[in-house]
Protein chains: 2
Amino acid sequence: MELHVAFLPQEIEAPERRAVVVIDVLRATTSLVTMLERGCDEVLIAPGLDAARRYREAHPDVLLAGERGGRQPEGFDFGNSPVALSQAALAGRRVVLATTNGTRAVHAVRRSPVVFVGCLRNRRAAARAVAQEAVGRGWDVTLVCAGREARFSLEDAYTAGAIAEVLLGGGGGPARFRPTDAALAARTLYTTCPDAESLFRTTRAGQNVIEIGLGEDLGYCAARDRSDLVPRVGDRVTLLDDA
Amino acid sequence: MELHVAFLPQEIEAPERRAVVVIDVLRATTSLVTMLERGCDEVLIAPGLDAARRYREAHPDVLLAGERGGRQPEGFDFGNSPVALSQAALAGRRVVLATTNGTRAVHAVRRSPVVFVGCLRNRRAAARAVAQEAVGRGWDVTLVCAGREARFSLEDAYTAGAIAEVLLGGGGGPARFRPTDAALAARTLYTTCPDAESLFRTTRAGQNVIEIGLGEDLGYCAARDRSDLVPRVGDRVTLLDDA
């Protein structure tokens, strides 16, 4: 089976026959893992801010989380800061999440029946989860980077490389997958830089997070293998259509 | 000014206001540099094999070079092997070149008025040429990787990184450019692997070249800074339309 990395969501081929991990490590997929760890019942991924607000008009019980330009949108309960969300009272709540790049990426891969949500904090668990699904079905795996405004993002490629390292047998994992050039490149980006937080600070997304005063999110997002929770679309994670 | 790397030709934004280097190091852009070094009058880049053959029907004096699946097409005078082309009698001739990925890439960036052809053999000269054009106009630079069958190719990303290293001031060059995440990633791929030929052997394109018995092309394409010749579209390099 093949292990591929799509550096942009639009690069994914034949999603209906691939097991997928979606990655927007700064910060949407890290936030999503954190919200489910905090015990929220369900995360509804909205295609935009307006769709999130409309959903709340019809369902006043939900909370709204998300960002535009990195910042908490007006009328929202939370921004997209995983550090802030890690301290929020979310148990038993439903949360609508509307971010820029991560949301688009999850919607872009919706034709895949197996979509996991990955970041550095759950990277080993995410690798195991997608390997199990792919091997059982004889499917290829694609790690899908959200990118940033339709451009390559280094932090997502790095995180894909961290997951690829597990799938390709680094660190004692199984080596059932044949890497594409993109998977080899992502793994190199990961293995040559042990300090994720420093790397994140050099990226456009990381610089934006620092500029808006949320630099402590970078260390949180850069922590590796802290969670065994691997969100899966269709199981406490639901895509909202833009109705 | 910004230095960006488009890992696939379709990623290029606003080509009409960017200075561009197109890269298909295995093997089209290496072959193109080699043909002009051999003194051929003009290289005509055809959008496909049929267009190349039709052009020769109307212009029987031209030579045909190119590949499909890496191999020399029927009726062509040359394949796409730069080693073979480096020994060919091309002085004063016009050559139509029809390859798979490199040709598509050059056609994809045709809206840019400044398109150079780059590879490892001319990488420092290519960096200088594009820097001079961009700085003079105040334009951004994009290094455009041809990719392989619409997918990321490691050897092109590596070569973009080698050119980026010069543009970003490594090796004593000028540092006028602000790198995007993609440019940072490409540079990392380059700086962490000093042995280009070994890296090329691990790539899908490199494996294909070995399989068809042309492995010696890899060492030729991996040699760095051997030529000061930087082909430019519009100057002895012409795009043929598919008429």
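Here, the structure is the one placed above.
Residues numbered from 1 in each chain as written. Chains lettered and ligands numbered in written order. Predicted model: local features only at pLDDT ≥ 70, side-chain atom pairs only at ≥ 80, totals over all residues. Heavy atoms only, no water.

**Details of the interface of chain A and chain B**
Our working definition: Any two residues having at least one pair of non-hydrogen atoms within 4.5 Å are treated as being in contact. Two parts placed together each lose some accessible area under a 1.4 Å probe, and adding up what both lose gives the buried area. Whenever Lys or Arg places a side-chain nitrogen within 4 Å of a carboxyl oxygen from Asp or Glu, that contact is recorded as a salt bridge. Counting from the N terminus, the helices are the DSSP runs of H or I reaching at least four residues and the strands are the DSSP runs of E reaching at least two. Under this grouping Gly is polar, as are all residues other than the nonpolar Ala, Val, Leu, Ile, Met, Phe, Trp, Tyr, Cys and Pro and the charged Asp, Glu, Lys and Arg.
With 25 residues of chain A at the contact, the number on the chain B side is 25 residues. Surface buried jointly by chain A and chain B totals about 2,000 Å² across both partners, of which 54% is contributed by carbon and sulfur atoms. Ranking the residues of chain A by area buried against chain B places Arg151(A), Asp181(A) and Arg204(A) at the top, with a combined share of 35%. Run the count over chain A and chain B and you get six salt bridges. Residues Arg151(A) and Glu13(B) are paired through a salt bridge, measuring 2.9 Å at the closest nitrogen-oxygen approach. Those elements giving two or more residues to the side of chain A that touches chain B turn out to be strand E1 (2-6), helix H6 (154-167), strand E8 (178-179) and helix H7 (181-191) of chain A. For the side of chain A that touches chain B, the leading source of residues is H7(A), giving six residues. In terms of residue class, the side of chain A that touches chain B is built from nine nonpolar, seven polar and nine charged.

**Looking at helix H9 (residues 204-211) of chain B**
Note that an α-helix has 3.6 residues per turn; residues three or four places apart therefore point the same way. Residues and elements named next belong to chain B. What counts, and what does not: Classification of residues uses two cut-offs on accessible area relative to the type maximum, computed with a 1.4 Å probe and protein chains only: under 20% is buried, over 50% is exposed, and between them is partly exposed. Note: the arc covers the axis-to-C-beta directions of the helix.
Where H9 is concerned, the buried positions are Ala205, Gly206, Asn208 and Val209. One side of H9 carries all its buried residues, which in axial view fall inside an arc of 160°. Packed against the buried residues of H9 are helix H6 (154-167), helix H8 (196-202) and helix H10 (216-222).

**Observations concerning the packing of aromatic side chains**
Put simply, the rule reads: Two aromatic rings from Phe, Tyr or Trp, using only the six-membered ring of Trp, form a pair when their centres are within 6.5 Å; if the ring planes differ by under 30 degrees the pair is stacked, by over 60 it is edge-to-face, and anything between is tilted. Each ring is checked for a lysine NZ or an arginine CZ that lies within 6 Å of its centre and within 35 degrees of its normal; such an atom marks a charge sitting over the ring.
Per the counting criterion, the structure on display carries nine aromatic pairs over all chains. Taking 6.2 Å as the distance between ring centres and 80° as the angle between the ring planes, the aromatic pair formed by Tyr158(A) and Phe200(A) counts as edge-to-face. Separated by 42 residues along the polypeptide, Tyr158(A) in helix H6 and Phe200(A) in helix H8 (residues 196-202) bring together distant segments of the chain. For Phe200(A), a relative accessible area of 0% corresponds to the buried category. When the ring centre of Trp139(A) is taken as reference, the NZ or CZ atom of Arg137(A) above it lies at 4.8 Å. Across from the ring centre of Tyr220(B), 3.7 Å away, lies the NZ or CZ of Arg121(B), which sits over that ring.

**Here we look at the pairing of E1(A)**
Residues and elements named next belong to chain A. Selection criterion: Two strands qualify as a pair provided DSSP detects at least 2 bridges between them.
Burial of E1 is extensive: five of the five residues sit out of reach of the surface. Burial along E1 is two-sided: the residues Glu2, His4 and Ala6 and Leu3 and Val5 are all buried. Bridging between E1 and E8 involves two bridges; their strand directions are parallel. Each bridged residue has a counterpart across the sheet, and for glutamate 2 the counterpart in E8 is arginine 178. Pairing geometry for E1 and strand E7 (residues 140-145), over four bridges, is parallel. The residue of E7 that forms the bridge with valine 5 is leucine 143.

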